[in-house]
Amino acid sequence: MTALLRTPGRCVVMGVLNVTPDSFSDGGCFADAPSAIAHGLAMAAAGADYVDIGGESTRPGADRIDTDEECRRVLPVVTELTSAGVRVSVDTTRAEVAEAAIAAGATLVNDVSGGLADANMAQVVAATGVSWVLMHWRGHSREMYAAARYGDVVTEVCAELTARVEDVVAAGVAPAQLVLDPGLGFAKRAEHNWALLAGLDRLIDLGLPVLLGASRKSFLGRLLADADGTVRPAEQRDAATLATTVLAAEAGAWGVRVHDAAASVDAVRTVAAVQEARRRRAARG
Ligand code: PMM
């Protein structure tokens, strides 16, 4: 059975829940299961459509953890939130972790490697029918900045994601299971992230739902640096993040992945109200 992707008639909000000691913006805040569960429930109560649970930091240069440790961090939180009725996605590149999280109730696999890190991921997604975010990726955190070389970043990201879609569909995954993500910050320098935000319509034109993850990322911190060049800290980037939510919703993205879910829920509802008013005006002629 295919677990239907949530499509509420407005941009979807996915709340970030990193159960890690070392993620760049919330590392250590929700590293134990009780505080992670409480934060996940709070984001759902604030209107988040999904809570995206990750056990492995993908911050630039991060060391990898093993599969057992990733499962140990993630699974109790997935189980608790899904049994409370929360729609859960699992942020993992490992098929084994994805499979266990799906068994615990997750209905979406958020795979920052777009299926490249684990050859078994396509099989797990095909067999379980869950949704799958294919993010644009050119290698694990340790090596990704060396791969941040592009002629035309929008064209190359669109082409590489299209190739991933062809591969996973050939492996038995239905196109209706897929969501695409340009992977801001992953093998991308600031200028690449800005170009991808400016070219979001081209990714959306590929015809699959698009997810955008700009929340608190360092290109926003560098944009908002002090006069002396001090980069704005991650926890003070939420207003800039909200601007990216509005841009994504207005462009027709399927969803945004954000830390401050409550603010983005308000923003996407506001954009949807304006879009609805535009439709009514157009219908009147
Ligand atoms: N970014 C991070 C982690 N997971 N998943 C998707 N689909 N898109 C992203 O841009 C993305 C992601 C890194 O941010 P975090 O450390 O704050 O979770």
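Residues numbered from 1 in each chain as written. Predicted model: local features only at pLDDT ≥ 70, side-chain atom pairs only at ≥ 80, totals over all residues. Heavy atoms only, no water.

### Side note on a negative patch on the surface
On the surface, a cluster of negative charge is made up of Asp66, Asp68, Glu96 and Glu99. Among the secondary structure elements, Glu99 is positioned in helix 3 (residues 95-103). (Patch = residues over 30% accessible without salt bridge, like charges linked within 9 Å, V, L, I, M, F, W, Y side chains within 5 Å. Areas by Shrake-Rupley, 256 points an atom, 1.4 Å probe, with all protein chains shown as cover. Salt bridge = Lys/Arg side-chain N within 4 Å of Asp/Glu carboxyl O. Lys, Arg positive; Asp, Glu negative; His and termini not counted. Charge placed at Lys NZ, Arg CZ, Asp CG, Glu CD. Helix = DSSP H or I, 4+ residues; strand = E, 2+ residues; numbered from the N terminus.)

### Here we look at the packing of helix 1 (residues 33-45) against helix 2 (residues 67-83)
With their axes 10 Å apart at the nearest point, helix 1 and helix 2 run at an angle of 40° to one another. Every pair of crossing elements has a handedness; the one defined by helix 1 and helix 2 is right-handed. On helix 2, the residues that touch Ala33, Ala36, Ile37, Gly40 and Leu41 of helix 1 are Pro76, Val77, Glu80 and Leu81. For the contact of helix 1 with helix 2, the class distribution of residues is seven nonpolar, one polar and one charged. (Axes fitted to C-alpha atoms, helices over the stretch in contact; angles between N-to-C directions. Left-handed = near helix turned anticlockwise from the far one by under 90°. Contact = heavy atoms within 4.5 Å. Nonpolar A, V, L, I, M, F, W, Y, C, P; charged D, E, K, R; others polar.)

### Some details on empty space enclosed by the protein
The full count for this structure, using the stated rule, is one cavity of 30 Å³ or more. Every residue lining the largest cavity is listed: Ser215, Asp238, Thr241, Leu242, Val258, His259, Asp260, Ala263 and Ser264. Residue assignment for the lining of the largest cavity shows that the elements contributing at least two residues are helix 9 (238-251) and helix 10 (261-284). For the lining of the largest cavity, the element with the most residues is helix 9, which contributes three residues. Across the lining of the largest cavity, the residue classes tally to three nonpolar, four polar and two charged. (1 Å grid on protein atoms, 1.4 Å probe; cavity = no way out; pocket = protein on both sides within 12 Å on 5 of 7 lines; lining within 4 Å. Points joined across faces, edges and corners; volume = space filled by probe spheres on them.)

### Some words on the sheet that holds strand 8 (residues 255-258)
In space, the eight strands of this open sheet follow the order 6-5-4-3-2-1-8-7, with parallel pairing throughout. Looking along the sheet, the strands with just one partner apiece sit at the ends: strand 6 (178-181) and strand 7 (211-212). With four bridges connecting them, strand 5 (residues 131-135) and strand 6 associate as parallel partners. Bridge assignment links Val133 to a residue of strand 6, and that residue is Val179. Sitting on the sheet, helix 1 is in contact with strand 1 (12-18) and strand 2 (50-54), with an inclination near 170° to strand 1. (Pairing = 2+ DSSP bridges.)

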